[in-house]
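# Overview (structure and organization)
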Amino acid sequence: MVQETSPLQPYLEIIEGILPVTPIAMIDLGSAQQRIREHPALAPLLQTYLADRALGGQGGSSADGTFDATLFIKWVIALSNLAPAIGDNLANGEQSAAPLLDSWCAIFEDAVPLLVGRVSGHPHLREGARVRTSPLMNLQPKAGWARSCNRFYRLGLYDPSFLKTLQKDGRLSASAKLLRADRRS
């Protein structure tokens, strides 16, 4: 399982690019909330965050529709730094319950970093389905795993040509582009 990419945490870079470099307690919440809502990669992730919080009964937004930018940023940082635990059987190399993503590559579609590939062992998708994941939070190809917003994936064969296959079939927009950890996109 030789991969051609190195570790990547795209949302940490996105947050660093739109927020001033200050301690999280000193962020101008109104300004940060507006930049998050308007950012093409953060806006869809914010929707996932708010839905997750609402379903979990943990809140996340106030009655007037605003949200706490510091909690959102902490959530993004936590997901981006989350690594599989020994109990997930990914870190120690044992067979895992995490779905396998084969013929995978990392892409940007509409500014959102994602993985695409063929999935096996997913709890809700058919075997061999061609998929795009929820937003990509952490990609560790040499370690053989990735973290989307919703779950961990084991990584099989890396195949950057799969992007063109999905575009040709109309399953991805023509504007989708390969995301490579070495920054040659």
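Presented here is an overview of the structure given in this document. This structure is a prediction, so every number in the text was calculated from the model and none was measured.

Another point: the pairing of strand S5 (residues 145-148). Every second residue of S5 is oriented toward a common face, with Trp-145 and Arg-147 on one face and Ala-146 and Ser-148 on the other, all of them buried. The pairing of strand S4 (residues 136-140) with S5 spans 4 bridges and is classified as antiparallel. The partner of Asn-138 across the bridge, within S5, is Arg-147. Counting the residues in the hairpin turn of S4 and S5 gives 4 residues, including Gly-144, whose phi is positive at 85°. Direction of pairing for S5 relative to strand S6 (residues 152-155): antiparallel, over a ladder of 3 bridges. If you follow Trp-145 over to S6, its bridge partner there is Arg-154. The turn joining S5 and S6, which pair antiparallel and follow one another in sequence, is formed by 3 residues.

Within the largest apolar cluster, 48 residues are counted, with the highest numbers of intra-cluster contacts made by Tyr-11, Ile-36, Phe-72, Leu-115 and Leu-139. Ignoring any residue separated from it by four or fewer positions in sequence, one finds Ile-36 in contact with Ile-18, Leu-42, Ala-43, Leu-46, Phe-67, Ala-69, Phe-72 and Ile-73.

This brings us to the environment of Leu-172. By the secondary structure assignment, Leu-172 is in the loop between helix H5 (162-168) and strand S7 (177-178). Look past the residues within four positions of Leu-172 in its chain and what remains in contact with it is Ile-107, Glu-109, Val-116, Arg-132, Leu-163, Leu-166 and Gln-167.

This brings us to the packing of helix H1 (residues 10-18) against helix H4 (residues 69-81). Remark: H1 packs on H4, axes separated minimally by 8 Å, with the N-to-C direction vectors making an angle of 150°. Crossing handedness for the pair H1 and H4: left-handed. Contact residues: H1 offers Tyr-11, Leu-12 and Ile-15, while H4 offers Ile-73, Val-76, Ile-77, Ser-80 and Asn-81. A per-class count over the contact of H1 with H4 returns 6 nonpolar, 2 polar and no charged.

Reading guide: rules and limits
Residues numbered from 1 in each chain as written. Predicted model: local features only at pLDDT ≥ 70, side-chain atom pairs only at ≥ 80, totals over all residues. Heavy atoms only, no water. Buried < 20%, exposed > 50% of the residue type's maximum accessible area, 1.4 Å probe, protein only. Helix = DSSP H or I, 4+ residues; strand = E, 2+ residues; numbered from the N terminus. Pairing = 2+ DSSP bridges. Core = buried A, V, L, I, M, F, W, Y, C linked by side-chain atoms within 4.5 Å. Contact = heavy atoms within 4.5 Å. Axes fitted to C-alpha atoms, helices over the stretch in contact; angles between N-to-C directions. Left-handed = near helix turned anticlockwise from the far one by under 90°. Nonpolar A, V, L, I, M, F, W, Y, C, P; charged D, E, K, R; others polar.

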